[in-house]
Amino acid sequence: MPIAIVILNKGPDAPDINDLRADSWWNSYFFDPVDGQCAYWLKQTDNQMKLTGATVGWLAVSLTDEQRKDRTKAAQALVDWMIANHNVGFDRIDIVICIHGLGATVESDGGGTHEVIVDGRKLPAVVGRLGDGFDFYSHEIGHAFGLDHSFGKEPIVVVGDAPGGYGHPHCIMSAQLYGSDPDGGACFPALPKDGSADYSSIGPSVNAVTALNRGWLDATQFLVAENQMGEFEIRSRHQGGRNPGLPPQALHVVLPNGSDYCVEYREARDWDQGQTGDRVIVTQDKGGLGDGAYPDKHVGSFAWATGGLYDVHVFDGFELQVLEKLLQNHSVRVRIIRGHSQYLTVNDSCVVKTIKRIPIESGTTDFEPGDLRCVRGSWPYSREELIQQAVIEITYANPPGLDVGWTVEGQTLPQPSDTLTFPSKYVYFTNPKLRTYHSHEDVVMKYTIDTLANGSRLTLISAPPNKNFTLQVDANALNIIGRVNRSYTVELKGLVYEYGGIFESKRIECMANLANPSSYFPTYEVIVVDPPKFWRKVPKERRDEVVRHLSILEHLRSEGETDDLQRALQEFEAMSFGAAADLQFRPVRHLTAAEISNMSSCQLQPPPARMLRRLRSD
């Protein structure tokens, strides 16, 4: 049971004594077993390390600038003063914690040290100042307990450790950097306890490699050399502690070359509320960057984390598959495969259909020249709200079928049916002249997941007041044979102006004539800056339409029809969902007669159709 003494010391420009937290507050902050540092370390160590002690302050020991800017000298000076002036004995003290009360502009050095000497004995010390976060003290107390920094998977150069240090996004021993991973790190409550900045950054937990090797965690072991495959249940780190009657809280994977990994599961609660959701986290021990920097210290090196069901990651020697979240048990089920599984060939489909139309307005629109390409005159319309349904199926032709995990806009769908909410979603809609407008609105919709004999079906339903928008849907599918990932861009409409079949057919015919490459000779061509990124934004069923529209844009730019070009770009942006920003117009360079005559017979190849048109025009 480690015993600490907390020494509070006022320095230059410190707040008035009446504005400083009393000794009793700091006693609670460090030693309360419910929400203090004591509580944090009780949880991390499975009740093996209970921090106790007392607080003394506020003192008014005058420290030099040199002492304040060196944590070891500051702690040593305060300890020496306590011995000389308070006759405090340190023979039973295990940790010294010193807190400066300083003005915001007064410099000081903060952190941990193991160099405070009392009666020839070295004591670990933590030196901080008012406003330092909860994770700062948790981290430094971890050092006092003998823990070193945890590491990331990339050898990024950092100050204060070897490359990769402070790189674990889900470990307190990487505070306060956490590998700069936005999904990890501490929790910053909107209203911290007592309104204190000292409670502003809480958690995360200690990584599973360190906890397992300290005896704070139990694990099932999987020896890759002796097993081809295995399935395991892993209990949440926040659901109790070591208990032989419950599933272990880690899976220890050992490879033939001696490297090993720990797989754990953390829910986004308690000391890990800083996570954006529940996470399966993998940390490497032997063979990781941390093991290279601190051999046999089991500091842990971050390897992978996921919040998605049926996510798969291939490590050097084995594959990890996340199969199921067992909500009642606060656990997950995972599969380990030696080597890696094969990629499956699956059948999939994505169909959007309107299941109900709700007329809300009717009228007539007079289209003047320039209002809308290929449209003139007066046309009657019906303004309608739509209820639309998107059905996505993915199946495997042969047994054993597929386990499929679905995500929509990055949200994992853990329930067979529920409601999805997308705050401030990018939506679009038109006015009666079909000019497109955009806004950000909350979108709420329902979904259901049906388990099929050989796969899975996801149904998404959008209803008023939703407008028009697109969704990114991802399916992670796997079985004991292999795995596959599929992505879909789904367009759902909720508010439209309908002008009837004649209107649409005449406009399509006109647009097709404009898009006919043989009808014009372009002086500009459209360049897609990043083709893979561009086409990911366009639903498959609309790609032919987008290709035609690219030809129209090329024609308008070549003809110098500026107003029509701007209107066409607006239409295109709605059609391709913001992809117009990925386009550039580039002048076309034509071959001269001299360049053609200079070509040798062996160089002259049949030019593409587009080049032939240019040659004929010359």
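Above: the structure in question.
Residues numbered from 1 in each chain as written. Predicted model: local features only at pLDDT ≥ 70, side-chain atom pairs only at ≥ 80, totals over all residues. Heavy atoms only, no water.

K.L.:
Give a detailed account of the nonpolar core, specifying residues and quantitative values.
P.N.:
Grouped together as the largest cluster of nonpolar side chains are 44 residues, with contacts concentrated most on Phe-30, Trp-41 and Ile-97. Elements represented by at least two residues in this core include exactly strand 1 (3-10), helix 1 (23-31), helix 2 (37-44), strand 3 (95-101), helix 5 (134-144) and helix 6 (208-213). The contacts of Trp-41, once residues within four sequence positions are left out, are Met-49, Ser-138, Ile-141, Gly-142, Phe-145, Leu-147, Ile-172, Val-206 and Trp-216. With 29 residues, the next largest nonpolar core counts Val-408, Leu-458, Phe-469 and Tyr-488 among its residues. (Core = buried A, V, L, I, M, F, W, Y, C linked by side-chain atoms within 4.5 Å. Buried < 20%, exposed > 50% of the residue type's maximum accessible area, 1.4 Å probe, protein only. Helix = DSSP H or I, 4+ residues; strand = E, 2+ residues; numbered from the N terminus. Contact = heavy atoms within 4.5 Å.)

K.L.:
Explain helix 1 to me, using residue names and the numbers behind them.
P.N.:
Residues of helix 1 that are buried include every one of Trp-25, Trp-26, Tyr-29, Phe-30 and Phe-31, and no others. Along its buried surface, helix 1 packs onto strand 1, helix 2, strand 2 (52-59), strand 3 and helix 5.

K.L.:
Account for the environment of Val-280, with residues named and values stated.
P.N.:
Considering the arrangement of structural elements, one finds Val-280 in strand 10 (residues 279-284). For the pair Val-280 and Leu-309, spaced 29 residues apart in sequence, the C-alpha separation works out to 9.7 Å. Those residues in contact with Val-280 that sit more than four places away from it in its chain are Val-263, Glu-264, Tyr-265, Trp-304, Ala-305, Thr-306, Val-322 and Val-332.

K.L.:
Can you tell me about the packing of aromatic side chains, naming the residues and giving the values?
P.N.:
All chains considered together, the criterion is met by 31 aromatic pairs. Seen from their ring centres, Tyr-40 and Trp-41 are 5.1 Å apart, and the 85° between their planes marks the pair as edge-to-face. Across the pair, exposure class does not vary: Tyr-40 and Trp-41 are buried alike. Measuring from ring centre to ring centre gives 5.2 Å for Tyr-261 and Phe-315, while their planes differ by 55°; the resulting arrangement is tilted. You can see Tyr-261 sitting in strand 9 (residues 260-266) and its partner Phe-315 sitting in the loop between strand 12 (312-314) and strand 13 (318-326), a full 54 residues away along the chain. This pair shows no difference in class: Tyr-261 is buried, exactly as Phe-315 is. Stacked on the ring of Tyr-343, the Lys or Arg Arg-483 has its end atom at 4.6 Å from the ring centre. (Phe/Tyr/Trp six-rings, centres within 6.5 Å; stacked < 30°, edge-to-face > 60°. Lys NZ or Arg CZ within 6 Å of the ring centre and 35° of its normal.)

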